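Summary of the model geometry
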Amino acid sequence: MSSILKVQGINKHFGGLHALNNVNLDVEQGKVHAIIGPNGAGKSTLLNCFIGRLTPDTGTVDFDGTSLIGLKPHEINQTGVSRVFQTPEIFTELTLLENVMIPALAKRDGAFKPSLWSSMAGETEIRDQAMNALSEVNMGGKAGMTAASLSRGDKRRLELAMALVQNPKLLLLDEPTAGMARADTNATIDLLKTISGKGLTMVIIEHDMHVVFSLAEKISVLAQGTVIVEDLPEKIKGHPKVQEAYLGGAHL
Amino acid sequence: MTVEQSKKDKIMVIGVVLAVLLGPIILNPFGAGYPDLLQKFVIYGIFAIGFNILFGLTGYLSFGHAAFLGVGSYSAVWMFKLLSMNIVPAIILAMVISGLFALLIGFIALRRSGIYFSILTLAFAQMSYNLAYSVLTPITNGETGLQILHGDPRVLDAAVEDGALPVTNLFGLNMNATADVSLLGMDIQFNAGYYICGLIMIVAFYIALRLFRSPFGMMLKAIKTNQNRLNFTGVNSRPYTLTAFVISGIYAGLAGGLLACTDPLAGAERMQWTASGEVVLMTILGGAGTMLGPILGAGVIKYFENIFSAYNESELMDVFSFLPHWLQELVVSVSSLFVGEGWHLTLGVLFMLIVIFLPGGLMEGFNRLVKLARGGYRKDGASASAAGKVTAE
C-alpha cells in the first residue's frame, strides 16, 4: 500500500516543553489511522502541524506528493485535507445550509473568487451538495436553522458535514464524537465506517476506545511527544508499552 | 435565498425607488423637503450603504472612511477645475482615485483585525487630514479649501464661461435647477441635483443588495462570524476583506464626489475623524448588516443635524407657548440644551437609547413593530424552523 501522508522527524517546542519529539507517521491510502495517547501526549499539536495552524521546528509533512510545511491553512485545505475540530468551529450566525455551502463553494471556486454579481439562490448545484452532506449526517431537516442554536453534539455533526461536502482526499478528525450522546456516537461510527468504505483516508484522534477500535485499521500510540508503538489494533490492545503509557507503569 | 427572500428584496428595491422619487413630497411636512438637505440624505445614504458593505458584512470597523469621502471631493473639484463642469468625469475620477487610495490603505490596515484595524484606519485618515492641511496645500488649497475659480482651464467648456461662476451640470442639466410646484397645499421643490444623486443612490443600493446575496457576500458574512474557520475551509479571507474594503472606499469616494457635484468645494474637514465617526453612527443607528438600516441612519442623523441645530430659544418658546409661563421657561431652558449647538446631545441620547434597547438599530425596532402588528409574537426558534422547512423543500 502507498502512503498518502508521510510525516518524518517532527519536533515542536513550546518554550521548554518538548511537545513533539521526532515523530514519524505513515498514513496509508484509504485506511483509517488512529492516533491515541494520554492527555498532553501531543496528539492535537501533531494534527495542528498537518493543517498549518502550527509550524513544526523540524521535520517534514508530505501529503500526496506535496510538502505541507509552510503552507497557509487555506492552501493546505485546497490540497484536499479537511479537518473536524475538537471544539466545534462553525459559522454560528449563519444557517446550517450556509455553513455547509461555504466549504462546497471553497472546493469549487478555490481560495478566492469574487463572484460579486451571481446570486446564492442561483447556486443550486452547491445547495444540493450541501443538502446531501447534511442528510448524510442526519441533519437535513434542520438546514434552515441558525447554527448557534445547535447542541454541542449537533455542532460536531455539522462540522462533519462541512468536511464531507468537500469530498477530501484526507479527513482529519479531532475527537469526532466528544460531547455526543451514546446513540449519536454509534451513528457517527456507522457514518465514518460507510465513508471509509468508499476509500476515504482518515486520521482520527480519539479518547473513546470504543470508537477507536470500531474504526481504526492502524493505530499509533503517542506518549510524551513520541510515537511509542505503531501497529494493528488487535496488537495494540495488550501491548505492554501502551499499558505503561496509560497507567504510568503500574502493572495490572 | 429562497423565493420568499427574493420577493422581499423586490419590495425593498421598489420601496427605496418610491422613497427617493417622492422624497420632496414625503419629507416636506417635516420641514426637510428642501433640496440641500434632501441631497445630503441620499449622498450620505450612499456613504453609509458602502460603509455597511465593509462593517455590516465583515465586521471590520473602519474609523477612517471619511478619508475616502474627502479624496472623492478633491478629485471631483479638480475635474471641475481642469476638464469640465459636467459631473460625469468628476464622479468617475472620484471613484477611481478613492478606490486606489482604499486599495493602498486596505492592503496595509487589513493585516490586522479588530481594534488594531480600526486604529490603523483612524491613523491613516488623520494622516490624510493633516496632509491636506499642510504638505498637500498645492493640491488641496489648505485651510481655504479647494474651489472653482474663473481662471481655471476647464479644457472642455471654457468657452461657455461668462461673468458668473459656472454651475455643475449633467450634460447641460444644471444641478441646482429646481422646479417649484404647488401640490397638496404644499410648496414642493423638485431639484435636479437631488434626483441625479437619488438615482445614483438607487443604483448603489441595488449593487449592494446583489453583493449581500452573492457568494461573495456569503464569504464576507463567514469572515464576520469566524474568519479563522473560513481559512481552514480553504478560503483565503484576505483578498475578500480587501475587495470589500475597496468597494466601500469607492462608495465613500462616490459620495464625496457627489457632495462636490452639489456644491463644488472641498475642504480638509470633510476627512476629519468626526466625519468618519458619523458614518459609523449612521450605520449602527440604522442597523449594521441590514439593507435599509444605513440609509435610515444617514437620514435620521442628517435630519437631526440640520433641523435640531436650526432651533433656537425663541422658537422653543413658541413651541411650548401652551404651557403656563413658569413651566414654559423651565421646559425651554432644559430643552434648549438639546437644540441649536446642542443637537449633538440629542443625537448622543438617541444613540445611547438605540444601542441599549435596540442593538440591531432602527431596523430591529421596525421589525419588532411589524411582528407586533401581525398579531403573534413568534419566538426566534419557531421562525427559524419554519425557514428551515422552506429551504429544505
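Residues numbered from 1 in each chain as written. Chains lettered and ligands numbered in written order. Predicted model: local features only at pLDDT ≥ 70, side-chain atom pairs only at ≥ 80, totals over all residues. Heavy atoms only, no water.

Per an unreviewed UniProt entry, chain A carries the name ABC transporter ATP-binding protein and comes from Pacificispira spongiicola.

Counting its regular elements, chain B contains 16 helices and six strands. Taken against the 2.2 N^0.38 rule, which gives 21 Å for 393 residues, the C-alpha radius of gyration of chain B at 23 Å falls within 12% of a compact globule. Burial statistics for chain B: of 393 residues in total, 49% are counted as buried. The contacts in chain B between residues at least 6 apart in sequence include a share of 73% that link residues at least 24 apart. Surface accessibility of chain B: about 17,900 Å² in total, with carbon and sulfur atoms responsible for 68%. (Helix = DSSP H or I, 4+ residues; strand = E, 2+ residues; numbered from the N terminus. Rg over C-alpha atoms; globule rule 2.2 N^0.38 Å. Buried < 20%, exposed > 50% of the residue type's maximum accessible area, 1.4 Å probe, protein only. Contact = heavy atoms within 4.5 Å. Areas by Shrake-Rupley, 256 points an atom, 1.4 Å probe, with all protein chains shown as cover.)

In this complex, chain A contributes 42 residues to the contact, which on the side of chain B involves 34 residues. When chain A packs against chain B, the two sides together hide about 3,300 Å² of surface, and 67% of this comes from carbon and sulfur. Applying the counting criterion to the chain A and chain B interface returns one salt bridge. The partner of Glu159 of chain A in a salt bridge is Arg229 of chain B, with the nearest N and O atoms 3.2 Å apart. Here chain A and chain B share 13 residue pairs in polar contact (both at pLDDT 80 or more) between them. Contributing elements (two or more residues each) for the side of chain A that touches chain B: α2 (73-78), α3 (96-109), α4 (124-136) and α5 (152-164) of chain A. Per-element tally for the side of chain A that touches chain B: the top contributor is α3 of chain A, with seven residues. (Buried area = accessible area lost by both parts, 1.4 Å probe. Salt bridge = Lys/Arg side-chain N within 4 Å of Asp/Glu carboxyl O. Polar contact = N/O pair within 3.5 Å; in protein donor to acceptor, adjacent residues only side chain to side chain.)

Before going further, it helps to examine the confidence of the model for chain B. The predicted model of chain B has a mean per-residue pLDDT of 87, with 93% of residues at 70 or higher. Of the regions scoring below 50 in pLDDT, residues 379-393 of chain B engages in 14 contacts with residues more than four places distant in sequence or in other chains. (pLDDT = per-residue confidence, 0-100.)

We now examine the domain arrangement of chain A. Residue and element names in this part refer to chain A. Here chain A is partitioned into domain 1 (1-80 + 169-177 + 200-252) and domain 2 (89-167). For domain 1 versus domain 2, the distance between C-alpha centres works out to 28 Å. The partner domain 2 presents 10 residues to the 11 residues of domain 1 that form the contact. Here domain 1 meets domain 2 over a buried area of about 670 Å², counting both sides, of which 48% is carbon and sulfur. (Domains from an automatic or database assignment.)

Let us look at the side chain of Asp154 of chain A. All names here are of chain A. Structurally, Asp154 can be placed in helix α5. A distance of 2.7 Å separates a polar atom in the side chain of Asp154 from a polar atom in the side chain of Lys142. A polar side-chain atom of Asp154 sits 2.7 Å from a polar atom in the side chain of Arg157. Discounting chain neighbours no more than four positions away, the residues touching Asp154 are Met139 and Lys142.

We now examine the pairing of strand β1 (residues 3-14) of chain A. Residue and element names in this part refer to chain A. Looking at chain direction, β1 and strand β2 (residues 17-28) are connected through eight bridges and run antiparallel. Following the sheet pairing, Phe14 is matched in β2 by Leu17. The hairpin turn running from β1 into β2, its antiparallel successor, is two residues long, and Gly15 in that turn takes a positive phi close to 60 degrees. (Pairing = 2+ DSSP bridges.)

In this section: the pattern of salt bridges. According to the stated counting rule, one finds 21 salt bridges over all chains in the structure shown. Within this structure, Glu28, Lys31, Lys218 and Glu230 of chain A form a network of salt bridges that share partners.

Residue and element names in this part refer to chain B. Interhelical geometry of helix α8 (residues 215-232) versus helix α9 (residues 237-262) gives an angle of 135 degrees and a closest axis separation of 10 Å. Taken together, the axes of α8 and α9 are oblique relative to one another. As for how α8 packs across α9, the hand of that crossing is left-handed. Of the residues in α9, those in contact with Phe216, Met219, Leu220, Ile223, Gln227, Leu230 and Asn231 of α8 are Ser237, Tyr240, Thr241, Thr243, Ala244 and Ile247. (Axes fitted to C-alpha atoms, helices over the stretch in contact; angles between N-to-C directions. Parallel < 35°, antiparallel > 145°, perpendicular 65-115°, else oblique. Left-handed = near helix turned anticlockwise from the far one by under 90°.)

Residues and elements named next belong to chain A. At Glu175, a position not held by glycine, the phi torsion is positive, near 45 degrees. With respect to the helices and strands, Glu175 occurs in the loop between β7 (170-174) and α6 (182-197). Glu175 sits in the buried class, given a relative accessible area of 9%.

With that out of the way, let us pick up the environment of Ala34 of chain A. Residue and element names in this part refer to chain A. Relative to the elements of secondary structure, Ala34 occurs in strand β3 (residues 32-36). Separated by 138 residues in the primary sequence, Ala34 and Leu172 place their C-alpha atoms 9.9 Å from one another. Each residue touching Ala34, except ones within four places of it in the same chain, is listed here: Ile204, Val212, Ala216, Lys218, Ile219 and Ser220.

For the rest of this paragraph, the subject is the sheet that holds β3 of chain A. All names here are of chain A. Strand order in this open sheet of six strands is β6-β7-β8-β3-β9-β10, and the pairing throughout is mixed. Each edge of the open sheet carries a strand with a single partner, namely β6 (81-84) and β10 (226-231). Across this sheet, the average inter-strand angle for adjacent strands is 15 degrees, counted without regard to direction. Where β7 lies against strand β8 (residues 201-205), five bridges are found, and the strand directions are parallel. Within the sheet, the bridge partner assigned to Leu173 lies in β8 and is Ile204.

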